[in-house]
Amino acid sequence: MDEYPLLNLFWTMLWFFLWIMWLFLLFKVISDIFRSDDLGGWAKAGWLILALVLPYLGVLIYVIARGKSMGKRDVAEAKEREAAFKAYVREAAATGDTTGPAKRGSSVEELAKLAELKDRGAITDEEFQRAKTKLLV
């Protein structure tokens, strides 16, 4: 342990942390390239090649050039998911409370709707689990 001083350990941990943060940013940029509707196929291919061939520089250029729109897309997607979930909750609350076999059939339909919303990405896994638990109790 004497050959590797504590300061070197902290320095190594800092570089490792920065590398992990860069990997996170790289994956975020690549996913943003694919979900961006305002880019054409060739533009997406160009950004992807730049991000993969010159990773550090490509990611930095992408964040500088498209960082603002990247944040706007994140906010729009979050609002869309929230609106879909609220619409589902309103629809589920409007069905009323029934008992017996009709409720079981209704529960199956509601579970199917929940699964469809989750598959489309309109609700997260956590929201799906909460709604499913509420429905089955």
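The rules behind each value
- Residues numbered from 1 in each chain as written.
- Predicted model: local features only at pLDDT ≥ 70, side-chain atom pairs only at ≥ 80, totals over all residues.
- Heavy atoms only, no water.
- Phe/Tyr/Trp six-rings, centres within 6.5 Å; stacked < 30°, edge-to-face > 60°.
- Helix = DSSP H or I, 4+ residues; strand = E, 2+ residues; numbered from the N terminus.
- Buried < 20%, exposed > 50% of the residue type's maximum accessible area, 1.4 Å probe, protein only.
- Lys NZ or Arg CZ within 6 Å of the ring centre and 35° of its normal.
- Expected span 1.5 Å × (residues − 1).
- Arc of directions from axis to C-beta.
- Core = buried A, V, L, I, M, F, W, Y, C linked by side-chain atoms within 4.5 Å.
- Contact = heavy atoms within 4.5 Å.
- Patch = residues over 30% accessible without salt bridge, like charges linked within 9 Å, V, L, I, M, F, W, Y side chains within 5 Å.
- Areas by Shrake-Rupley, 256 points an atom, 1.4 Å probe, with all protein chains shown as cover.
- Salt bridge = Lys/Arg side-chain N within 4 Å of Asp/Glu carboxyl O.

Colleague: Can you lay out the packing of aromatic side chains for me, pointing to particular residues and giving the numbers?
Modeller: Geometrically, a pair of aromatic rings is defined through the distance of the ring centres and the angle of the planes. Applying the stated criterion across every chain, the model contains four aromatic pairs. With centroids separated by 6.1 Å and ring planes inclined at 35 degrees, the aromatic side chains of Phe16 and Trp19 adopt a geometry described as tilted. Of the two residues, Phe16 and Trp19 are both situated in helix H1 (residues 6–35); the distance of three residues between them amounts to about one turn of the helix. Aromatic pair Trp22 and Tyr56: ring centres 4.5 Å apart, planes at 35 degrees, arrangement tilted. Highlighted residues: Trp22 in helix H1 and Tyr56 in helix H3 (residues 55–94), separated in sequence by 34 residues. Residue Trp22 is classed as buried on the basis of its relative accessible area of 15%. Residue placement shows Lys118 over the ring face of Phe128; its charged tip is 4.9 Å from the ring centre.

Colleague: Residues and numbers for the environment of Lys72, please.
Modeller: Tracing the backbone through its elements, the reader meets Lys72 in helix H3. Once the C-alpha coordinates of Lys72 and Phe34 are considered, the two residues, 38 residues apart in sequence, prove to be 15 Å apart.

Colleague: Explain helix H5 (residues 125–136) to me, and be specific about the residues and the numbers.
Modeller: Given 3.6 residues per turn, any residue in an α-helix points the same way as the ones three and four places further on. Between the first and last C-alpha of H5 there are 16 Å, a value that for twelve residues agrees with the 16 Å anticipated at 1.5 Å per step. Listing the buried residues of H5 in full gives Glu127, Phe128, Ala131 and Leu135. An end-on view of H5 places all buried positions within 100 degrees of arc, on one side of the element. For H5, exposure combined with an orientation more than 90 degrees from the buried face picks out Asp125, Glu126 and Leu136.

Colleague: Explain the nonpolar core residue by residue, including any values.
Modeller: Formed by Trp22, Leu26, Val29, Ile30, Ile33, Leu39, Trp47, Val59, Tyr62 and Met70, the largest nonpolar core amounts to ten residues. Among the secondary structure elements, those contributing two or more residues to this core are H1 and H3. The element contributing the most residues to this core is H1, with five residues. Each residue touching Val29, except ones within four places of it in the same chain, is listed here: Val59, Tyr62 and Val63. Counting residues in hydrophobic clusters, the runner-up holds eight residues, among them Leu114, Leu117, Ala122 and Ile123.

Colleague: How would you explain a nonpolar patch on the surface if you had to name every residue and give the values?
Modeller: Together, Trp11, Leu14, Trp15, Phe17, Leu18, Met21 and Phe24 give the surface a local cluster of nonpolar side chains, amounting to about 780 Å² of exposed area. Turning to its location among the elements, Trp15 is positioned in helix H1. Of the residues examined, Trp15 reaches a relative accessible area of 47% and is grouped as partly exposed.

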